[in-house]
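# Secondary and tertiary structure notes
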Amino acid sequence: MSTLKELADLIFPDIKLGVSDLEKKYPPRTLPSGAEVSRFAPSPTGFLHTGSLFASLVGRKFSEQTKGVYFFRLEDTDQKREIEGSGLEQINLLNKFGIVFDEGYLGTSEKGEYGPYRQSQRAEIYKIVIKELIKKGRAYPDFCTKEELDALRQVQEANKVVPGYYGEYAKYRNLKIDDAIAFIKEGKPYVIRFKSLGDVNKHIKVVDEIRGELLLSQNNQDIVILKSDGLPTYHFAHLVDDHFMRTTLVIRGEEWIASLPIHVELFETMNWQRPKYAHLPVIMIVDEETHNRRKLSKRKDNVAAVSYFLKQGYPIEGIIKYLYTIANSNFEEWLTNNPKGDISTFKLSFEKFSLDGALFDLPKLNNISKEVLALYSKEKFTDLALKYASECDPKLKELIEKDRNKFEQIINIEREIEKPRKDYERFGDVLPKILFFYNDEYDSMLKNADLPFNEFIPKKIIGEFLLDAVENMDLSKDESVWFESIKKIGLNHGFADDKKVYKENPDKYNGWYSDCISLIRIALTTTTVSPKLFDVIKILGKEEIKRRFSLVIKKYDC
Ligand code: GLU
């Protein structure tokens, strides 16, 4: 009769090292007490999801706060679903958010003593552990074909029992060692399964850093740990990698809570201390059609992809601050008290984690971003706008590069004052709002514009007023002096210099001074909304104003 050791040697003839060798190769880290070792471990199967950015902001922050380590591990064991280059793309995007990794796979190279950090490069390590489990009788080859597994599922469905490969349904669990050896020698394909000793009628308690103590049924599934392609499944790779990379804190999505019993049993079987777990709430959205809450969908929601926000020109700082409001219930208050505060001084805590607040709220993101952009100096705003424009907005890039000074003047209107004006939610808003400042752009806007002048004011009056205004308005001092001069000019063209006076006798006037301001604004910008008109006038200068007014007069025959 053959032994388990013979079976293990037959399956892994080239594996000579044991688990104790790995323990030596990857010793516990020497870090100050309380330091957390955490990681970001995406699968390279697509774009960077907003939920992943959220998880990695939280992970990076906890490592930083505790003077620990944050590393990157690429979970590339599902080669069928892999999208070439998406790992590197995710790293690059995270870097833009200031998330840098102390170690790990960094896209083109690796850094750190606990690698390789790509699971596809770690096959030998997994096999060493599995070989030991086979020898102990806690893992075995399973020769079930796809047809057999389908048939098993049907039986379970018909009998209304929990589906899966476990207990009496685990066909090859108790196969004689000699038979297993014979099958392997015959070349029968197989996977390796873990032999569970759990009982679903019994419970385990696991403390989650966010949710507190969880009471869960034990695992009894003989899960696959090594697939036929020689690579592990997520559960087994989590066990091996987080043990030998000496992770102390696993921060991952709440969808993994259901698998915790498997992970607990795996760690117990190896007699390894398991890491702490923090299962983050999944970010939800209210479905536009059904009005029900659902997970962010890669297919339906553009806000599911981090790249969307960058293409829209949301400032990185705004996105981070917004995601912090999802993380900690006390962050918004902190933000109100520290509008200019450095986010790195905010202490993220698991106790303050909001569990039901993970609802994606675009208006809130917009507000936060507006606030962030309003507080930037003109130089910082311009630097970031140019960075955005270089990637996403060639026209804006051209305008900034042509005359940076002018751009700074434009976006500095009502900025760098105690209560700055909140004009922009994102850099994507900038171009349409400032285009009229540029003479060529103004000309083509005017060509296509239907100027929204008040139709009750005779055209002739508009023309006369504009000509008088450009010649005689007083730009020599401040806004109030300019304003008074407009009032006076308005009087000469039948516009009351007082609202009350106008309202009492509307038929006597062409309007009142607010109409005068509106005429100037429309003539200069082609629209009824603009930044502060006095500042617009000063940036454009008298000559350009004259030019614009005469174009308007010509176009409108006034
Ligand atoms: N690759 C897993 C995922 O993308 C990682 C989960 C974890 O952090 O353990 O969901």
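That block above? That's the structure.
Cut-offs and rules
- Residues numbered from 1 in each chain as written.
- Predicted model: local features only at pLDDT ≥ 70, side-chain atom pairs only at ≥ 80, totals over all residues.
- Heavy atoms only, no water.
- Helix = DSSP H or I, 4+ residues; strand = E, 2+ residues; numbered from the N terminus.
- Buried < 20%, exposed > 50% of the residue type's maximum accessible area, 1.4 Å probe, protein only.
- Contact = heavy atoms within 4.5 Å.
- Areas by Shrake-Rupley, 256 points an atom, 1.4 Å probe, with all protein chains shown as cover.
- Lys, Arg positive; Asp, Glu negative; His and termini not counted.
- Charge placed at Lys NZ, Arg CZ, Asp CG, Glu CD.
- Salt bridge = Lys/Arg side-chain N within 4 Å of Asp/Glu carboxyl O.
- Right-handed = clockwise from strand over helix to strand, strands pointing away.
- Pairing = 2+ DSSP bridges.
- Axes fitted to C-alpha atoms, helices over the stretch in contact; angles between N-to-C directions.
- Parallel < 35°, antiparallel > 145°, perpendicular 65-115°, else oblique.
- Left-handed = near helix turned anticlockwise from the far one by under 90°.
- Nonpolar A, V, L, I, M, F, W, Y, C, P; charged D, E, K, R; others polar.
- Near = heavy atom within 4 Å.
- Polar contact = N/O pair within 3.5 Å; in protein donor to acceptor, adjacent residues only side chain to side chain.
- Expected span 1.5 Å × (residues − 1).
- Core = buried A, V, L, I, M, F, W, Y, C linked by side-chain atoms within 4.5 Å.
- Phe/Tyr/Trp six-rings, centres within 6.5 Å; stacked < 30°, edge-to-face > 60°.
- Lys NZ or Arg CZ within 6 Å of the ring centre and 35° of its normal.

### Focus: the overall build of the chain
- Within the chain one finds 23 helices and 15 strands.
- Counting over 558 residues, the chain shows a buried share of 51%.
- In the chain, of all internal contacts separated by at least 6 residues, the share reaching a separation of at least 24 is 73%.
- Element-wise, carbon and sulfur atoms account for 50% of the exposed surface of the chain, whose accessible area totals about 27,500 Å².
- With 85 positive and 87 negative side-chain charges, the chain shows a separation of 1 Å between the mean positions of the two kinds.

### Looking at the pattern of salt bridges
- Scanning all chains against the criterion turns up 47 salt bridges.
- With a closest N to O distance of 3.1 Å, Lys146 and Asp150 form a salt bridge. Taken together, the residues Lys146 and Asp150, both in helix α6 (residues 146-158) and four residues apart, mark about one turn of the helix.
- The exposure class assigned to Lys146 is exposed, which follows from its relative accessible area of 58%.
- One continuous salt-bridge network, built from bridges that share partners, spans Arg39, Arg73, Glu75, Arg122, Asp241 and Asp242.

### Let's talk about the pairing of strand β2 (residues 69-72)
- Here β2 shows no split at all, with Val69 and Phe71 on one side and Tyr70 and Phe72 on the other all buried.
- For the crossover from strand β1 (residues 37-40) across helix α3 (residues 50-65) to β2, the handedness is right-handed.
- Sheet topology note: the β2/strand β3 (residues 103-105) ladder contains two bridges and is parallel. Residue pairing across strands places Phe71 opposite Glu103, the latter belonging to β3.
- Note that the unit made of β2, helix α4 (residues 86-96) and β3 has a crossover that is right-handed.

### What about the environment of Lys395?
- Relative to the helices and strands, Lys395 is located in helix α15 (residues 394-402).
- For Lys395, the contacting residues outside a window of four places in its chain are Leu431 and Glu441.

### Things to note about the packing of helix α18 (residues 439-448) against helix α23 (residues 533-556)
- Two elements in contact, α18 and α23, have axes whose closest approach is 11 Å; the angle formed by their N-to-C orientations is 15°. Considered as vectors, α18 and α23 are oriented roughly parallel to each other. In this structure, the crossing between α18 and α23 has a hand that is right-handed. Here α18 contributes Asn439, Tyr442, Asp443, Leu446, Lys447 and Asn448 to the contact with α23, which in turn contributes Glu544, Arg547, Arg548, Leu551, Val552 and Lys555.
- Across the contact of α18 with α23, the residue classes tally to four nonpolar, two polar and six charged.

### Here's the deal with the site of the ligand
- Lining the immediate environment of the ligand, one finds Arg39, Ala41, Ser43, Glu75, Tyr234, Arg252 and Trp256.
- Within the side chain of Ser43, an N or O atom sits 3.3 Å from a nitrogen atom of the ligand.
- In this structure, Trp256 approaches the ligand through a side-chain N or O atom, which is 3.4 Å from an oxygen atom.
- When isolated, the ligand has an accessible area of 300 Å², and the protein chains bury 79% of it.
- When grouped by side-chain class, the residues that make up the shell around the ligand number three nonpolar, one polar and three charged.

### Details of the pairing of strand β6 (residues 191-194)
- Burial along β6 is two-sided: Val191 and Arg193 and Ile192 and Phe194, pointing in opposite directions, are all buried.
- The sheet contact formed by strand β5 (residues 139-142) and β6 spans four bridges and is antiparallel. Counted as the bridge partner of Pro141 is Ile192 from β6.
- Bridge count for β6 against strand β9 (residues 224-226) is two bridges, and the pairing is antiparallel. What sits directly across from Arg193, in β9, is Val224.

### Examining the environment of Leu249
- Tracing the backbone shows Leu249 in strand β10 (residues 249-253).
- A sequence separation of 211 residues divides Leu249 from Ser38, and the C-alpha atoms of the two residues are 5.1 Å apart.
- Discounting residues that sit within four places of it in the chain, Leu249 has contacts with Glu36, Val37, Ser38, Arg39, Phe62, Glu209, Pro275, Lys276, Ala278 and Phe350.

### Considering helix α19 (residues 459-472)
- End to end, α19 covers 20 Å across 14 residues, agreeing with the expected 20 Å (1.5 Å per residue, within 8%).
- Within the sequence span of α19, burial applies to Ile461, Ile462, Gly463, Phe465, Leu466, Asp468, Ala469 and Val470.

### Section: the side chain of Glu265
- With respect to the helices and strands, the residue Glu265 is situated in helix α9 (residues 260-270).
- The residues contacting Glu265, other than those within four sequence positions of it, are Arg138, Phe194, Ser196, Leu197, Gly198 and Asn219.

### So, the nonpolar core
- In this structure, Leu53, Phe381, Phe407, Phe437, Phe465 and Ile520 are the most contacted members of the largest nonpolar core, which totals 166 residues.
- With ten residues, α23 is the single largest residue contributor to this core.
- In this structure Leu53 touches Leu48, Leu94, Phe97, Ile99, Val306, Ile319 and Leu323, once residues within four positions along its chain are discounted.

### Things to note about the packing of aromatic side chains
- By the definition in use, this model includes 37 aromatic pairs.
- A ring pair is formed by Phe143 and Phe183, whose centres lie 5.1 Å apart and whose planes are at 70°; its orientation type is edge-to-face. Here Phe143 is found in the loop between β5 and α6, whereas its partner Phe183 is found in helix α7 (residues 177-186), with 40 residues between them in sequence.
- Phe143 sits in the buried class, given a relative accessible area of 1%.
- Through a chain of ring-to-ring contacts, three or more aromatic side chains come together here, namely Phe40, Tyr70, Phe72, Phe101 and Tyr105.
- In this structure, Lys406 packs its charged tip against the face of Tyr438, placed 4.8 Å from the ring centre.
- Lying across the ring of Tyr442, Arg548 places its NZ or CZ 4.0 Å from the centre.

### Re unusual backbone geometry
- The omega angle of the peptide bond from Gly115 to Pro116 is 0°, so this bond is cis rather than trans.
- Mapped onto the elements of the fold, Pro116 is located in the loop between β4 (110-111) and α5 (123-135).
- Positive phi, normally seen in glycine, also occurs at Asn271, with a value near 60°.
- For Asn271, a relative accessible area of 70% puts it in the exposed group.
- At Thr526, a residue that is not glycine, the phi angle is positive and equals roughly 75°.

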